[in-house]
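In case you want the letters, here they are:
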Amino acid sequence: MKKNLVALAVAAAFVVPGVAFASTSSNRDTGPVVFGYAQITGAQQFGIPASQSSGLIFGANRIRLGFKGEAVPGVTYFVQGAWDNAGIIGDALNNGLGSNIATKGGQAQLMDAYINFAPVPFAQLQVGKFKTPEGLEYTSVAGNELTFIFRNMGQSLLPGRSAGAMIHAGNVMGTGIGYAVGIFDNTSLDSYTAFSNGNNTFGGGQSGLLNGNGKYITSGMLSYSMGPLLTAEVSGSMGTARAYHGTNKLTSWNVGLSGGMMGIKYGAGYTRTDGTSTIGYMNATPNSVGTVNASDWHAELAANLHEMTLTPDWLDVEPAVRYDQYHVTGAGTLGNATVGVNYFVNPNNPHAAEIQLNYILATRGGSINNAYGYPNGTAPINGVAYNTMMLQFQAGF
């Protein structure tokens, strides 16, 4: 216990953008257990008009530091701070290459803070700030375990993180079935998602923490897992958007699957939202008003050559490809095709030290080309409007 507390104090004192961390501990450990990681990224976009931002850019895609542990048997806690996009200032940098989530351009924020009560394994209660249960990749794959540097663009159509309460369980009674259902405050969401635009307004008549607006987001997920070979899920959310023309209903839903064996990994998903108010990257035409519908689908495949016994352990490389297509109904499409390769320094602990190289080919079509290209708008979360080369270094404990 004393050793862990000393480690926490030392880590907190020396956190800077260049520090590198990754999570390897279990929530079952008494603690607190300190964890963290950093992703230092360099990127270059090509084909940008002369009037747009251009050139090589360096920054930190994610810098995370946190602690977790077990307060008493059956009650665990998790707290994670973030210094994401450190060194990257501005939300619209290079039309999609920049801090589309963190509106403060890399300032620190409390990413997660929750307590989980699990006296009954098949009906656990989680309260605090955490990811709403929608989207298989978003909820099940940590930021330091992604096959690609960016998640898919469907993240822009999910509620993201918020404060709330959730009942959940995985592998109920050994059946492989998991579920989650929760209710969340609509004033504490991640920025630049379909759910956060125009939602963060407090009610009146009270003060302080009691000043709510009476509007919430409900989310749920049902999943089935056959072990490493296949996991499938269906999930959805209901909430509110800024009212246009007498309506403020907002819904989204997602289906996804992932799995693999013997070094082969695959994943695919589809996300759709209906009724969102207009945001820069959702506008059918610049500065339009009204509600719009949008969708995203992606498919990816990766092959770890070392796990396939094709390379020695000192050459643990993983080629990967993905196609991700974002579409606004009645407007057009942004497509991102990514070719990548991952190198793991130690195959026994692959995400503790990792190098990722991605080349993203961007295509734009329809009138949406005006919103994503010159001279208007920005790309959605995790999307790029121009061909982009990215190199990322990751390390941690």
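Along each chain, numbering runs from 1 in the same order as the chain's sequence is written. Two thresholds apply to this predicted model, a pLDDT of at least 70 for residue-level local features and 80 or more for giving and counting side-chain atom pairs, whereas whole-chain, interface and lining totals are computed over all residues. Each side-chain value is derived from all of the structure's non-hydrogen atoms; neither hydrogens nor water enter the calculation.

To continue, consider the overall build of the chain. Across its full length, the chain carries 3 helices and 16 strands. Burial classification: accessible surface area is computed with a 1.4 Å probe over protein chains only, and a residue below 20% of its type maximum counts as buried, one above 50% as exposed, and the rest as partly exposed. The burial tally for the chain puts 47% of its 397 residues in the buried class. Contacts spanning at least 24 positions in sequence make up 64% of the contacts within the chain whose residues lie at least 6 apart. For the purposes of this entry, the term helix denotes a DSSP run of H or I that reaches at least four residues, the term strand denotes a run of E that reaches at least two, and both are numbered from the N terminus. Whether two residues are in contact is decided by their heavy atoms, any of which lying within 4.5 Å being enough.

Averaged over all residues, the pLDDT of the chain equals 79, while 71% of them reach at least 70. Model confidence for the chain, summarised as mean pLDDT per element, is weakest for helix 1 (residues 2–13) at 39 and strongest for strand 5 (residues 124–131) at 96. Scored below 50 in pLDDT, residues 1–27 shows 58 contacts in the model against residues more than four places distant or in partner chains. Confidence of the prediction at every residue is given by pLDDT, a number between 0 and 100. Scored below 50 in pLDDT, residues 89–106 makes 62 contacts in the model with residues more than four places away or belonging to other chains.

This part is about the side chain of Glu 134. Residue position: Glu 134 is located in the loop between strand 5 and helix 2 (136–140). Charge assignment: positive for Lys and Arg, negative for Asp and Glu; neither His nor the chain ends contribute. Definition used for salt bridges: Asp or Glu carboxyl oxygen within 4 Å of a side-chain nitrogen of Lys or Arg. Buried within the structure, Glu 134 lacks any salt-bridge partner; its nearest side chain of opposite charge belongs to Arg 272, at an N-O separation of 11 Å. Beyond its immediate chain neighbours, meaning those up to four positions away, Glu 134 contacts Thr 139, Leu 158, Pro 159, Met 221, Ser 235, Gly 236, Ser 237, Ser 252, Trp 253 and Asn 254.

Any pair of Phe, Tyr and Trp rings, taking the six-membered ring for Trp, is counted once the centres come within 6.5 Å. Such a pair is stacked with planes under 30 degrees apart, edge-to-face with planes over 60 apart, and tilted for the rest. Under the criterion given, the structure shown has 8 aromatic pairs. Each ring, one from Phe 67 and one from Tyr 77, has its centre 6.4 Å from the other, and the planes form 65°; the classification is edge-to-face. Of this pair, Phe 67 sits in strand 2 (residues 57–72) while Tyr 77 sits in strand 3 (residues 75–82), placing them 10 residues apart in sequence. When its relative accessible area of 28% is taken as the criterion, Phe 67 is described as partly exposed. On the accessibility criterion, Tyr 77 (21% relative accessible area) is partly exposed. Ring plane angle 10° and centroid distance 5.2 Å describe the contact between Phe 78 and Tyr 114, whose orientation is recorded as stacked. Taken as a pair, Phe 78 in strand 3 and Tyr 114 in strand 4 (residues 109–117) lie far apart in primary sequence, 36 residues in all.

Let's shift gears to unusual backbone geometry. Unlike most non-glycine residues, Met 173 shows phi in positive territory, near 55°. One can find Met 173 in the loop between strand 6 (161–169) and strand 7 (177–185). Positive phi outside glycine occurs at Asn 382, with the angle close to 70°. By secondary structure assignment, the location of Asn 382 is in the loop between helix 3 (368–372) and strand 16 (388–396).

Glancing now at a nonpolar patch on the surface. Here the term patch refers to residues with relative accessible area over 30% and no salt bridge, with like charges joined within 9 Å and nonpolar side chains (Val, Leu, Ile, Met, Phe, Trp, Tyr) within 5 Å. Calculation of accessible area relied on Shrake-Rupley with a 1.4 Å probe; when residues are assessed, cover is drawn exclusively from the protein chains displayed. A grouping of Ile 177, Leu 222, Tyr 224, Met 226, Leu 229, Val 234, Trp 253, Val 255, Met 261 and Met 262 is seen on the molecular surface, where their side chains present a nonpolar patch of about 960 Å² in accessible area. Residue assignment for the nonpolar patch shows that the elements contributing at least two residues are strand 8 (216–225) and strand 10 (247–261). It is strand 10 that contributes the most residues to the nonpolar patch, 3 residues altogether. Following the sequence through the fold, Met 262 ends up in the loop between strand 10 and strand 11 (264–277).

The class of Asn 382 is buried, set by a relative accessible area of 15%. Whenever two N or O atoms come within 3.5 Å, that pair is a polar contact, provided that in protein one can donate a hydrogen and the other can accept it, and provided that, for residues adjacent in sequence, both atoms are side-chain atoms. Polar side-chain contacts of Asn 382 include one of 2.9 Å to the side chain of Gln 155.

Before going further, it helps to spend a moment on the pattern of salt bridges. Side chains bearing opposite charge may pair, as long as their charged atoms lie close to each other. In total, this model carries 5 salt bridges according to the counting rule given. The shortest N-O distance in the salt bridge between Asp 84 and Arg 64 comes to 2.8 Å. Highlighted residues: Asp 84 in the loop between strand 3 and strand 4 and Arg 64 in strand 2, separated in sequence by 20 residues. By relative accessible area, Asp 84 is classed as buried at 9%. Ionic pairing is found between Arg 272 and Asp 274, a salt bridge with its closest N-O pair at 2.9 Å. Overall, Arg 272 belongs to the partly exposed group, its relative accessible area being 21%.

Topologically, Ser 162 is positioned in strand 6. In the structure, Ser 162 is positioned 33 residues away from Lys 129 in sequence and 5.3 Å away in space, judged by C-alpha atoms. Within the local environment of Ser 162, its side chain forms a polar contact with the backbone oxygen of Asp 185, the two atoms lying 2.5 Å apart.

Time to look at the pairing of strand 4. Strand pairing follows a simple DSSP-based rule, namely that at least 2 bridges must link the two strands. Taken together, the 8 bridges between strand 3 and strand 4 define a ladder with antiparallel strand orientation. Note that in strand 4 the partner of Gly 81 across the bridge is Leu 110. Sheet analysis places strand 4 next to strand 5, joined by 5 bridges and oriented antiparallel. Paired with Tyr 114 across the bridge in strand 5 is Gly 128.

Moving on, we get to the environment of Phe 35. Considering the arrangement of structural elements, one finds Phe 35 in strand 1 (residues 33–45). Phe 35 gets classed as buried once you look at its relative accessible area, which sits at 3%. C-alpha separation for the pair Phe 35 and Gly 396, spaced 361 residues apart in sequence, amounts to 8.0 Å.

Let us look at the pairing of strand 2. Alignment of strand 1 against strand 2, held across 11 bridges, turns out to be antiparallel. Across the sheet, Ala 43 pairs through a bridge with Ile 57, a residue of strand 2. Alignment of strand 2 against strand 3, held across 8 bridges, turns out to be antiparallel. If you follow Val 72 over to strand 3, its bridge partner there is Val 75.

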